[in-house]
Amino acid sequence: MSDALHDPGTGTPGPPATPVLSATGLTVRFGGRPALADVSLDFPRGRIVALIGPSGSGKTTLLRALCRMNELIPAAVTTGSVRFEGAELYAPEVDPAEVRRRIGVVLRESALFPGSIFHNVAFGPRASGFAGDLHALAEEVLAAVGLWAEVGGDLDLPASALSAGQRRRLCIARTLAVRPRVLLLDEPASALDPVAAARIESLIHSLAGDVAVVVATSDLRLAARVSDVTAHLDRGELVECGPTGTVFTNPRSKRTEAYLTGRIP
Amino acid sequence: MTPLATRDLLGTACRLGAALTLTAAIALLGVLLVQALGVVDVGFLAGAPSRFASRAGVGPAIAGTLWLAVLTAALSFPVGIGAAVYFEEYAPRNRLAGLAGSALANMAGVPPVVFGVAGLALFVRGMGLGPTILAAGLTLAMLALPTVLVTSRTALREVPRGVRDAASALGATRWQVIRRQVLPAAGPGIVTGLTLALTRTVGAAAPLLVLGAPAFVTHAPRTPGDILTALPTQAFTWSTRTEADFAALAAGTAVTLLVLLLTVNLGALVLRRRLR
């Protein structure tokens, strides 16, 4: 655990007003026009934030910027600040691998690792030097996503034997196994049948509280049902951010209203 | 001619091509086996070369080729795979790295005899090793390296981006991602490339002849410092003799070499199964 990210206030949670994660003036370029332009956004502790906007609006880039995944793309240049529990994530002494253990992300095209369910769940904890009982941990996180009973407790089952919805939940489970404080989900319910999508949705509800959840989605109904706070992104800019009920029923911005009602500006 | 007729003609031509390829392979093996039939026995495999065809054997040559295979693998595999990991995972994506990578890749097309000439200057004379197993092992390792590099790079590149991203997202360091996910996923492909590099290299006679492999070695090499002898050069030596008996010995040597290479391929097959 690097000192730079060590939570100074462990055991004494800050006042509810302090966000767990806070982006200020965040700009990401992959050469040319910024994919994310000067975005400032707070992510409240234990709450669910939805990022909405059309494809290309910067939702994924923002998610990846929050956990320092963009720097795996050679052309990416990030400026601005992201603070986690008060510590600057982009400080030069901070190890990006350490950031990703605190802020877990389930990418849109999250590939399962070849091999068993256990192998998928154990990889993250092993990489961070987890010394406890990996089987107990696997059972716990698989139960949290509702997979433990579905696979009959068989950790040796190949991950490829799972259905699309189960795979999506296994991806969430293996991220939970690293015990992140913030969970970022990119299009968590896309391309799933309604039953599998509903399972993911209730899973997101059950996870919030222990962790702060950020959901990037182009599914407006999912965003409206699942989130406490909604942020609307368009062409890399933050257009509007507020309580989900307010944003959906009474948006301040004309652009948000146009997007929500399906009118192309 | 109607399009349908054209397709029929092309289909016939392809069938003919397949038949010719099969015939060529069968003819090649058949000729070798018929010639080698009366030659290959325990005495031949264990015995040493002799002036008398009836007493000659390939024992020292088998030992030499096994030594060369081990040396070539030990020297070229780690270096080649390491270089492949560097170029695929660590090297900056700039023109210089691209140029260096493709220059090394083109080395895979350089004829073996060229490596022999270089090895002669570098190892046999320059380092004063003489025509030894060690000098030949170093030369063959140089010959194998570009193939190891190119095939390993291809295998690494075929590991899906999603696997690397998912591993990084779970907080793994770059090295953990490579060691625990990328290399195992690329394993079967890398093994295929290693097999290709090894069999291609160990079967080559030209570089060994250029290094000065003696025609007549009666003692099996026990250390890499011993004098060079190997199956391909032994087959070459016997094939230069005019007597029919010695032609049969050359065929027997060639079949022995083929069986050894086949064993390497079978071993690789088993290893690939295990890695999947």
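Residues numbered from 1 in each chain as written. Chains lettered and ligands numbered in written order. Predicted model: local features only at pLDDT ≥ 70, side-chain atom pairs only at ≥ 80, totals over all residues. Heavy atoms only, no water.

1. Examining the overall build of chain B
Phase 1 of the analysis: Secondary structure assignment for chain B yields eleven helices and zero strands.
Phase 2 of the analysis: Counting only C-alpha atoms and orienting by the principal axes, one finds that chain B spans roughly 70 × 65 × 35 Å.
Phase 3 of the analysis: Looking at chain B as a whole, 43% of its 276 residues qualify as buried.
Phase 4 of the analysis: Within chain B, residue pairs in contact and separated by at least 24 positions form 75% of the contacts whose partners lie at least 6 positions apart. (Helix = DSSP H or I, 4+ residues; strand = E, 2+ residues; numbered from the N terminus. Buried < 20%, exposed > 50% of the residue type's maximum accessible area, 1.4 Å probe, protein only. Contact = heavy atoms within 4.5 Å.)

2. Looking at the pairing of strand β3 (residues 48-52) of chain A
Walk down a regular strand and you will see the side chains alternate between the two sheet faces.
All names here are of chain A.
Phase 1 of the analysis: Counting buried positions over the five residues of β3 gives five, a clear majority of the element.
Phase 2 of the analysis: Neither face of β3 is left uncovered, since the one carrying Ile48, Ala50 and Ile52 and the one carrying Val49 and Leu51 both have all their residues buried.
Phase 3 of the analysis: Across four bridges, β3 lies against strand β8 (residues 212-216) in parallel orientation. Of the residues in β8, the one forming a bridge with Val49 is Val214.
Phase 4 of the analysis: Pairing analysis gives four bridges linking β3 to strand β9 (residues 229-234), with the strands arranged parallel. When the bridges of β9 are listed, Ile52 appears paired with His232. (Pairing = 2+ DSSP bridges.)

3. Things to note about the sheet that holds strand β10 (residues 237-243) of chain A
All names here are of chain A.
Phase 1 of the analysis: The strand order across the open sheet built from six strands is β6-β7-β8-β3-β9-β10, with neighbouring strands paired in mixed fashion. The sheet is open, and its two borders are formed by β6 (103-106) and β10, each paired with just one other strand. The mean angle between the axes of side-by-side strands here comes to 15°, regardless of whether they run parallel or antiparallel.
Phase 2 of the analysis: In this fold helix α5 (residues 164-176) packs onto β6 and β7 (182-186), with an angle of close to 165° to the strand it touches most, β6. (Axes fitted to C-alpha atoms, helices over the stretch in contact; angles between N-to-C directions.)

4. What to know about helix α1 (residues 59-66) of chain A
Residues and elements named next belong to chain A.
Phase 1 of the analysis: Burial analysis of α1 places seven of its eight residues in the buried class, which makes it a mostly covered element.
Phase 2 of the analysis: Listing the buried residues of α1 in full gives Lys59, Thr61, Leu62, Leu63, Arg64, Ala65 and Leu66.
Phase 3 of the analysis: Phi turns positive, to about 55°, at Arg68, one or two residues after α1.

5. So, the layout of surface pockets
Phase 1 of the analysis: Estimated volume of the largest pocket: approximately 670 Å³.
Phase 2 of the analysis: If you go around the largest pocket, you meet 25 residues; those closest to its centre are Leu72 of chain A together with Glu88, Glu89, Arg161 and Arg174 of chain B.
Phase 3 of the analysis: Those elements giving two or more residues to the lining of the largest pocket turn out to be α2 (96-102) of chain A together with α3 (59-90), α6 (133-157), α7 (161-169) and α8 (174-202) of chain B. (1 Å grid on protein atoms, 1.4 Å probe; cavity = no way out; pocket = protein on both sides within 12 Å on 5 of 7 lines; lining within 4 Å. Points joined across faces, edges and corners; volume = space filled by probe spheres on them.)

6. Remarks on the pattern of salt bridges
Residue and element names in this part refer to chain A.
Phase 1 of the analysis: Per the stated rule, a full pass over the model turns up 21 salt bridges over all chains.
Phase 2 of the analysis: We note a salt bridge from Glu140 to Arg179, for which the minimum N-O separation is 2.9 Å. Remark: Arg179 occurs in the loop between α5 and β7 and Glu140 occurs in helix α4 (residues 134-144); sequence separation between them is 39 residues.
Phase 3 of the analysis: In this structure, Glu237 engages Arg255 in a salt bridge whose closest nitrogen and oxygen atoms are separated by 3.5 Å. Of the two residues, Glu237 sits in strand β10 while Arg255 sits in helix α9 (residues 254-260), which places them 18 residues apart along the sequence.
Phase 4 of the analysis: Owing to a relative accessible area of 33%, Arg255 belongs among the partly exposed residues under this scheme.
Phase 5 of the analysis: Residues joined by salt bridges that share partners form a network here, namely Asp234, Arg235, Glu237 and Arg255. (Salt bridge = Lys/Arg side-chain N within 4 Å of Asp/Glu carboxyl O.)

7. Regarding unusual backbone geometry
Backbone geometry follows two general trends: most residues other than glycine have a negative phi, and most peptide bonds adopt the trans configuration.
Residue and element names in this part refer to chain A.
Phase 1 of the analysis: Look at Arg179: it is not a glycine, yet its phi comes out positive at around 60°.
Phase 2 of the analysis: On the accessibility criterion, Arg179 (45% relative accessible area) is partly exposed.
Phase 3 of the analysis: Not every positive phi belongs to a glycine, and Glu187 is a case in point at roughly 45°.
Phase 4 of the analysis: Residue position: Glu187 is located in the loop between β7 and α6 (194-207).

8. A look at the packing of aromatic side chains
Phase 1 of the analysis: Counting across every chain of the model gives two aromatic pairs over all chains.
Phase 2 of the analysis: When the centroid spacing of 5.0 Å and the interplanar angle of 65° are considered together, the rings of Phe113 of chain A and Phe123 of chain A count as edge-to-face. Here Phe113 of chain A is found in the loop between β6 and α3 (117-127), whereas its partner Phe123 of chain A is found in helix α3, with ten residues between them in sequence. Grouping residues by exposure puts Phe113 of chain A and Phe123 of chain A together as buried.
Phase 3 of the analysis: Ring centres 5.5 Å apart and planes at 70° place the aromatic pair Tyr86 of chain B and Phe87 of chain B in the edge-to-face group.
Phase 4 of the analysis: Given a relative accessible area of 41%, Tyr86 of chain B falls into the partly exposed group.
Phase 5 of the analysis: Phe87 of chain B sits in the buried class, given a relative accessible area of 12%.
Phase 6 of the analysis: It is Arg174 of chain A that lies over the ring of Phe113 of chain A; its NZ or CZ is 4.5 Å from the centre. (Phe/Tyr/Trp six-rings, centres within 6.5 Å; stacked < 30°, edge-to-face > 60°. Lys NZ or Arg CZ within 6 Å of the ring centre and 35° of its normal.)

9. What to know about the nonpolar core
Residues and elements named next belong to chain A.
Phase 1 of the analysis: The biggest cluster of nonpolar side chains holds 39 residues, and the ones touching the most others in it are Leu170 and Ile172.
Phase 2 of the analysis: Among the elements that make up this core, the one with the highest residue count is α6 (six residues).
Phase 3 of the analysis: Beyond its immediate chain neighbours, meaning those up to four positions away, Ile172 contacts Val106, Val145, Leu183, Leu185, Ile200, Leu203 and Leu207.
Phase 4 of the analysis: By size, the runner-up hydrophobic cluster in this structure holds 35 residues, among which are Ala23, Val82, Leu184 and Leu233. (Core = buried A, V, L, I, M, F, W, Y, C linked by side-chain atoms within 4.5 Å.)

10. Overview of the packing of α4 of chain A against α5 of chain A
Residue and element names in this part refer to chain A.
Phase 1 of the analysis: At a minimum axis distance of 9 Å, the contact between α4 and α5 shows a crossing angle of 135°. The orientation of α4 relative to α5 falls into the category oblique. Regarding α4 and α5, the two cross each other, and that crossing is right-handed. Two secondary-structure elements touch here, α4 through Val141, Leu142 and Ala144 and α5 through Leu170, Ala173 and Leu176.
Phase 2 of the analysis: Residue composition of the contact of α4 with α5, grouped by class: six nonpolar, no polar and no charged. (Parallel < 35°, antiparallel > 145°, perpendicular 65-115°, else oblique. Left-handed = near helix turned anticlockwise from the far one by under 90°. Nonpolar A, V, L, I, M, F, W, Y, C, P; charged D, E, K, R; others polar.)

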